[in-house]
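# A structural walkthrough
Now for the letters of each chain:
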Amino acid sequence: MSYRFLYVLFLLTSLWACKNSIHTTSIKGDIIPIDKTINGDPEIIAYIQPYALHLNQTLDSVIAYNPNNLSKKDGKLNTALGNLMADLVMVQANPIFKSRTGNSIDIVLLNQGGIRSGIGKGPVTSRTGFELMPFENEIIVVELSGKKIQEMLTYLEVAKTAHPISGMQIRVDSNFKLKNAMIGGKILDINRSYFVATSDYLQQGGDNMNFFKEPLHIYELDYKLRNAIIDHFMKVDTLKTSTDNRFIQIP
Amino acid sequence: MKRRNFIQQTAATGAFIGLGGLNISLTENPKKHITILHTNDVHSHIEPFGPNDPRNANMGGVARRATLIQQIRNENPNTLLLDAGDIFQGTPYFNFYGGELEFKLMSKLKYDAATIGNHDFDNGLSGLLAQMPHAEFDFITSNYDFSNTILEGHTSPYKIYIRDGVKIGVFGLGVELEGLVTKKLYKETQYLDPVETATEMTRILKQEQKCDIVICLSHLGYEYKTENKISDVVLATKTKDIDLIIGGHTHTFLDKPSILNNLDGKKVMVNQVGCYGINLGRIDFFLDSDKKLNGSGVSINV
Ligand SMILES: [Zn+2]
């Protein structure tokens, strides 16, 4: 007991004695690569194993077939992969939205950067869903005024990027200036509002999509984008998609 | 890798002298040796990258990191192991287990502390809180005020670690959440100004607590093109009494730690080791216990 006390006291006094007198004389900084020359700690490997096993069994079960290689880069203003993503959000989210509000989704807009991988030709697994959408983003629907839809069109005109869209047809001229936009087969009506499905990330200003920021209404669907992707793949058996004329440039 | 040597002068003597290629240490007999090991933005990368990964083939892996850390601890038991945030999100391990395995493994590797990155909010405050029982290390964040949230009391604004009698003060800075993280996830978390917070933390750690080494664990990001946007580089120049900023968020792969001048004209080291557990940062502090604090320089080798 008293020894321990003495030891603590010694520790304290030695610390006290050191105060203001310990100082750094030199600092050395390094960045060490962790590569395969380092053998993994066997205890850690064993600890991870059951987690890995369960995970891989679930992820590697085949849920669909993909007949063509799909990349978010294989198109100018719309791509087969982007169209697949936007269309599946429309198909998966609309019944939920309709059952909750009685309304239908008019437009889907996602961002090209949000597609985090391609889909290789061959079997599609749940892992594909995780690769396409590694983040936890949720699908939300916003009600936007016609004016905000116009801002959206301006955004797309300036971006000149194949951001995934569905429910909308956009034509731009050789200078990427908007020629016309059809929503649900009709010309944009500036005096009405539209229901747009997107991700919570974009709604909050991600990718500078500021037209989403102050909508007339926000409807949360509590449906993750990734879950929509996986649910859709499970449903369709074979992925069918292609580039089309939803967003094109015409002279 | 090229090694450069910087002699840190006191403010009064002005500019530092860079001795390219030379390796001069001012210490004859360093009496204490503290090793700081660090990671950032590991993003749930538990297993190494596969041999076919286009960018990071055969790199990383927690089990290998464990071996490396143990080797360094065997060499110097006076070691601190820190993480600069974004522990969560990036592989299905997070989506399946919610961060449980990440925290359990960090505990097995004996991490001392981590700060909170934006992706650590990905399952909301409740998702983070739910995993905290699996973490046998401290969560340090000084500029997220959680007082109106369920995380209240589960993090510390700073911690002081003592290794071989050396007092090491650690505080943490997180990135602004608005526009980056869905409000629904971070709820009433208040973001406080990083420079003001750092000024207060260094006052406490250096002036009041007389720490021998002050470390900022930051998830602000290394540097931005946008002027005035707070980053580790900006923080280093706008504060004093920080010895080392361990960064994250921008997934910056530095060739070597950066050396910057602080408000007092003294050198601050800033390091960040990319992401995904591909690298381990290692900073060695050699300390002396005589009294020639003023007038002598600190040699910095990177
Ligand atoms: Zn990150």
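Residues numbered from 1 in each chain as written. Chains lettered and ligands numbered in written order. Predicted model: local features only at pLDDT ≥ 70, side-chain atom pairs only at ≥ 80, totals over all residues. Heavy atoms only, no water.

It is worth spelling out the overall build of chain A at this point. Looking only at helices and strands, chain A has 7 helices and 12 strands in total. When burial is assessed residue by residue, chain A has 48% of its 251 residues classed as buried. For chain A, the proportion of contacts with a sequence separation of at least 24, taken over those separated by at least 6, is 79%. Total accessible area on chain A is roughly 12,500 Å²; 55% of this is exposed by carbon and sulfur atoms. (Helix = DSSP H or I, 4+ residues; strand = E, 2+ residues; numbered from the N terminus. Buried < 20%, exposed > 50% of the residue type's maximum accessible area, 1.4 Å probe, protein only. Contact = heavy atoms within 4.5 Å. Areas by Shrake-Rupley, 256 points an atom, 1.4 Å probe, with all protein chains shown as cover.)

Residues and elements named next belong to chain B. Judged from the 4 bridges that link them, strand β13 (residues 258-261) and strand β14 (residues 267-271) form a sheet pairing that is antiparallel. Of the residues in β14, the one forming a bridge with I259 is M269. Between the antiparallel neighbours β13 and β14 lie 5 residues, among them G265 with a positive phi of about 80°. (Pairing = 2+ DSSP bridges.)

Let's shift gears to the nonpolar core. Core analysis: the biggest nonpolar cluster contains 81 residues, and A:V89, A:I119, A:I139, A:F233, B:Y93 and B:F121 have the highest contact counts within it. A total of 10 residues in this core trace back to one element, the largest contributor, which is helix α3 (residues 80-101) of chain A. When residues no more than four places from it in sequence are discounted, the contact partners of A:I139 are A:V89, A:A93, A:A197, A:T198, A:L221, A:Y223, A:K224, A:L225 and A:A228. (Core = buried A, V, L, I, M, F, W, Y, C linked by side-chain atoms within 4.5 Å.)

To continue, consider unusual backbone geometry. Residues and elements named next belong to chain A. Despite not being glycine, K160 shows a phi value in the positive range, around 50°. Relative to the helices and strands, K160 is located in the loop between α5 (146-159) and β6 (165-166). Even without glycine at this site, N208 takes up a positive phi of about 60°.

Moving on, we get to the sheet that holds β6(A). Either a parallel or an antiparallel arrangement is found when strands of a sheet pair, and the pairing is made through backbone hydrogen bonds. Residues and elements named next belong to chain A. Here we have 5 strands laid out as an open sheet, ordered β6-β3-β10-β5-β11, and mixed in their pairing. Looking at the sheet topology across the chains shown, the edges are occupied by β6 and β11 (217-224). Taken together, the 7 bridges between strand β5 (residues 138-145) and strand β10 (residues 193-199) define a ladder with antiparallel strand orientation. From the neighbouring strand, V141 faces β10, where its bridge partner is A197. Along the sheet face, α3 touches β3 (107-109), β5, β6, β10 and β11 and points at about 115° away from the line of β11. Strand contacts of α5: β3, β5, β6 and β10, with the helix running at about 115° to β5, the strand carrying the most contacts. (Axes fitted to C-alpha atoms, helices over the stretch in contact; angles between N-to-C directions.)

The subject of this paragraph is helix α4 (residues 124-131) of chain B. All names here are of chain B. Among the residues making up α4, those that are buried are G124, L125, G127, L128 and Q131. Along the long axis of α4, the arc covered by the buried residues comes to 165°, so they all point the same way. Along its buried surface, α4 packs onto α2 (92-97), α3 (100-108) and α5 (183-186). (Arc of directions from axis to C-beta.)

Turning our eyes to something else, we now look at the packing of helix α2 (residues 42-59) of chain A against α3(B). Angle between the axes and distance between the axes are the two parameters that describe a pair of packed helices. Closest axis-to-axis distance for the α2(A)/α3(B) pair is 11 Å, and the angle between their directions is 170°. As far as their axial angle goes, α3(B) and α2(A) are roughly antiparallel. The handedness of the crossing between α2(A) and α3(B) is right-handed. Across the interface between the two elements, A:E43, A:I44, A:Y47, A:I48 and A:Y51 from α2(A) touch B:E100, B:L101, B:K104, B:L105 and B:K108 from α3(B). (Parallel < 35°, antiparallel > 145°, perpendicular 65-115°, else oblique. Left-handed = near helix turned anticlockwise from the far one by under 90°.)

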